[in-house]
Amino acid sequence: MGRHRIGTVAAVSRGDSALRRRERELIHAAETAGIVVRNREHALRFEGTSLLEQLVDIDLQTEWLDNPAAVNAADTATPVMLPASQIEAYADRYRRFEGRRQVLDAVGSYLRHTMPLPARTEASFWAVSCHPTSNKQRVLCVNVNQMETFVVFHPDTGSGLHAFVNVDRTELPANDLKRRWFLLRRGIRIGSSRYVSGGADQIQLRVTGHAALARMLDDPVMRRAAASFNLHLMRKGPCRHTKAHSAQLADAALSRTRVPDTQS
């Protein structure tokens, strides 16, 4: 594909925030048109090298995306060792979480099928927080780069478990009506939240209940869409939320990533 020139941003008199919004709009328009850009802040895909290549080279990234579960299970990288102070700091939160076996299974499935080489990229390119204090209804939150990619929460209203996963829209049916019907048949709703680093192709998928969450994470199309999204986010740069990383939750979830899977 040849080079494309994006039009110059017109003068904006309302300050930097308006200018940044206009910049984001132009970059998203370029992404939607299939143009690979150099901007790493607003675009999901960009042209250039990445720090991720220091841990996962380009060939392995390609191999991983073709079969994430198999590549993750075969990875022999030494697990990340975190400071004892950080491990202890989140011990109480993990003890509150321990009884949620179905949620732990969901996190394990998510890491196993959608997170690039999670054992070697843990706490550098992805992190998981347990009962984050920023939102007391949240049970856990997985972060990649600057954004939340998988969140499970249990409201106090008694309405049961809710969860959302942010994925790559280009891996879903392209037609808007067909995509909505495709998701509706699977009990999946489209959320409205958007993140700066997710680019034009981000889409948030929401479900209610353990069974619906398990079905979504077991769906090969959903897995591929989440895997593609996480890989591109990792290529944008390291995770910005590692200070809240729960080593206990990560260890428990990662122990599930090495189980043989014939449906990967």
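Refer to the structure printed above.
Residues numbered from 1 in each chain as written. Predicted model: local features only at pLDDT ≥ 70, side-chain atom pairs only at ≥ 80, totals over all residues. Heavy atoms only, no water.

A.B. asks: It is not clear to me how the overall build of the protein should be interpreted in this structure. Could you clarify?
C.D. replies: Assigned secondary structure in the protein consists of 11 helices and six strands. Within the protein, contacts between residues separated by at least 24 positions form 68% of all contacts whose residues are at least 6 apart in sequence. Here the protein displays about 13,400 Å² of accessible surface, and carbon together with sulfur accounts for 51% of that area. (Helix = DSSP H or I, 4+ residues; strand = E, 2+ residues; numbered from the N terminus. Contact = heavy atoms within 4.5 Å. Areas by Shrake-Rupley, 256 points an atom, 1.4 Å probe, with all protein chains shown as cover.)

A.B. asks: Would you mind going over helix α11 (residues 247-254) with me for this structure?
C.D. replies: The periodicity of an α-helix, 3.6 residues per turn, causes residues three or four places apart in sequence to face the same way. By the criterion of burial, α11 is predominantly enclosed, with seven of the eight residues buried. Residues of α11 that are buried include every one of Ala247, Gln248, Leu249, Ala250, Ala252, Ala253 and Leu254, and no others. The inward-facing, buried residues of α11 abut α4 (84-89), α5 (91-97), α6 (101-114), α7 (118-121), β1 (126-130) and β2 (138-144). (Buried < 20%, exposed > 50% of the residue type's maximum accessible area, 1.4 Å probe, protein only.)

A.B. asks: Mind showing me how you'd approach the nonpolar core here?
C.D. replies: For soluble globular proteins, nonpolar side chains are generally found buried alongside one another. If you look at the biggest cluster of nonpolar residues, it comprises 60 residues, and the most contacted ones within it are Phe97, Tyr110, Trp126, Leu140, Phe150, Val152 and Leu213. Broken down by element, this core gets its largest block of residues, eight residues, from helix α10 (residues 220-236). Setting aside residues no more than four positions away along its own chain, leucine 140 makes contact with Phe97, Val103, Val107, Val128, Ser129, His131, Pro132, Phe150, Val151, Val152 and Leu249. (Core = buried A, V, L, I, M, F, W, Y, C linked by side-chain atoms within 4.5 Å.)

A.B. asks: What is the right way to look at empty space enclosed by the protein in this model?
C.D. replies: In this approach the atoms are scanned with a rolling probe the size of a water molecule, which exposes any empty space left behind. Enumeration according to the criterion identifies one cavity of 30 Å³ or more in this entry. The space that makes up the largest cavity amounts to roughly 70 Å³. Secondary structure elements with two or more residues in the lining of the largest cavity: α6, β4 (162-168), α9 (210-218) and α10. Broken down by class, the residue content of the lining of the largest cavity amounts to eight nonpolar, two polar and two charged. (1 Å grid on protein atoms, 1.4 Å probe; cavity = no way out; pocket = protein on both sides within 12 Å on 5 of 7 lines; lining within 4 Å. Points joined across faces, edges and corners; volume = space filled by probe spheres on them. Nonpolar A, V, L, I, M, F, W, Y, C, P; charged D, E, K, R; others polar.)

A.B. asks: Please clarify how helix α8 (residues 176-184) should be interpreted in this entry.
C.D. replies: Residues of α8 that are buried: Arg179, Phe182 and Leu183. Taken end-on, α8 shows its buried residues confined to a sector of 90 degrees, consistent with a single buried face. Facing away from the buried surface of α8 by more than 90 degrees, the exposed residues are Leu177, Lys178, Trp181 and Leu184. Turning to α8, the residues buried within the fold contact β5 (189-190), β6 (202-208) and α10. Sitting at the head of α8, asparagine 175 places a side-chain oxygen 3.0 Å from the backbone nitrogen of leucine 177. (Arc of directions from axis to C-beta. Polar contact = N/O pair within 3.5 Å; in protein donor to acceptor, adjacent residues only side chain to side chain.)

A.B. asks: Mind showing me how you'd approach the side chain of serine 109 here?
C.D. replies: When you line up the elements, serine 109 lands in helix α6. Residue serine 109 is classed as buried on the basis of its relative accessible area of 18%. When near neighbours in sequence (up to four residues on either side) are disregarded, serine 109 contacts Leu217 and Arg223.

A.B. asks: Quick question: what am I supposed to make of the sheet that holds β5 here?
C.D. replies: Through backbone hydrogen bonds, the strands of a sheet pair up, either in parallel or in antiparallel fashion. On the basis of which strands lie adjacent, the open sheet formed by six strands has the order β1-β2-β3-β4-β6-β5 and antiparallel pairing. The outermost strands of the open sheet, each flanked by one partner alone, are β1 and β5. With two bridges joining them, β5 and β6 adopt antiparallel strand pairing. Residue isoleucine 190 lies in a different strand from β6, and its bridge partner there is leucine 205. Strands β1, β2, β3 (147-153) and β4 of the sheet are contacted by α6, whose axis makes an angle of about 155 degrees with β3. Contacting β1 and β2, α11 runs over the sheet at an angle of about 110 degrees to β1. (Pairing = 2+ DSSP bridges. Axes fitted to C-alpha atoms, helices over the stretch in contact; angles between N-to-C directions.)

A.B. asks: In this structure, what is going on with a negative patch on the surface? I would like to understand it.
C.D. replies: A cluster of acidic residues, Asp57, Asp59, Glu63 and Asp66, forms a negative patch at the surface. Looking at where glutamate 63 falls in the secondary structure, it is placed in helix α2 (residues 58-66). (Patch = residues over 30% accessible without salt bridge, like charges linked within 9 Å, V, L, I, M, F, W, Y side chains within 5 Å. Salt bridge = Lys/Arg side-chain N within 4 Å of Asp/Glu carboxyl O. Lys, Arg positive; Asp, Glu negative; His and termini not counted. Charge placed at Lys NZ, Arg CZ, Asp CG, Glu CD.)

A.B. asks: Even after reading the chapter, I still don't get the packing of aromatic side chains, so can you show me in this structure?
C.D. replies: The relative placement of two aromatic rings is captured by the distance of their centres and the angle of their planes. Applying the stated criterion across every chain, the model contains two aromatic pairs. Here the guanidinium or amino end of arginine 186 rests over the ring plane of phenylalanine 182, the centre of that ring lying 3.7 Å away. (Phe/Tyr/Trp six-rings, centres within 6.5 Å; stacked < 30°, edge-to-face > 60°. Lys NZ or Arg CZ within 6 Å of the ring centre and 35° of its normal.)

A.B. asks: Please explain the packing of α2 against α10 as it appears in this structure.
C.D. replies: The geometry of a pair of packed helices is captured by two quantities: the angle between their axes and the separation between those axes. Running from amino to carboxyl end, α2 crosses α10 at an angle of 160 degrees, the nearest separation of the two axes being 10 Å. Relative to α10, the element α2 is oriented roughly antiparallel. Once α2 is placed against α10, the crossing between them reads as right-handed. Of the residues in α10, those touching α2 at Ile58, Gln61, Trp64, Leu65 and Asp66 are Arg224, Ala227, Ser228, Leu231 and Arg235. In terms of residue class, the contact of α2 with α10 is built from five nonpolar, two polar and three charged. (Parallel < 35°, antiparallel > 145°, perpendicular 65-115°, else oblique. Left-handed = near helix turned anticlockwise from the far one by under 90°.)

By themselves these figures say nothing about function.
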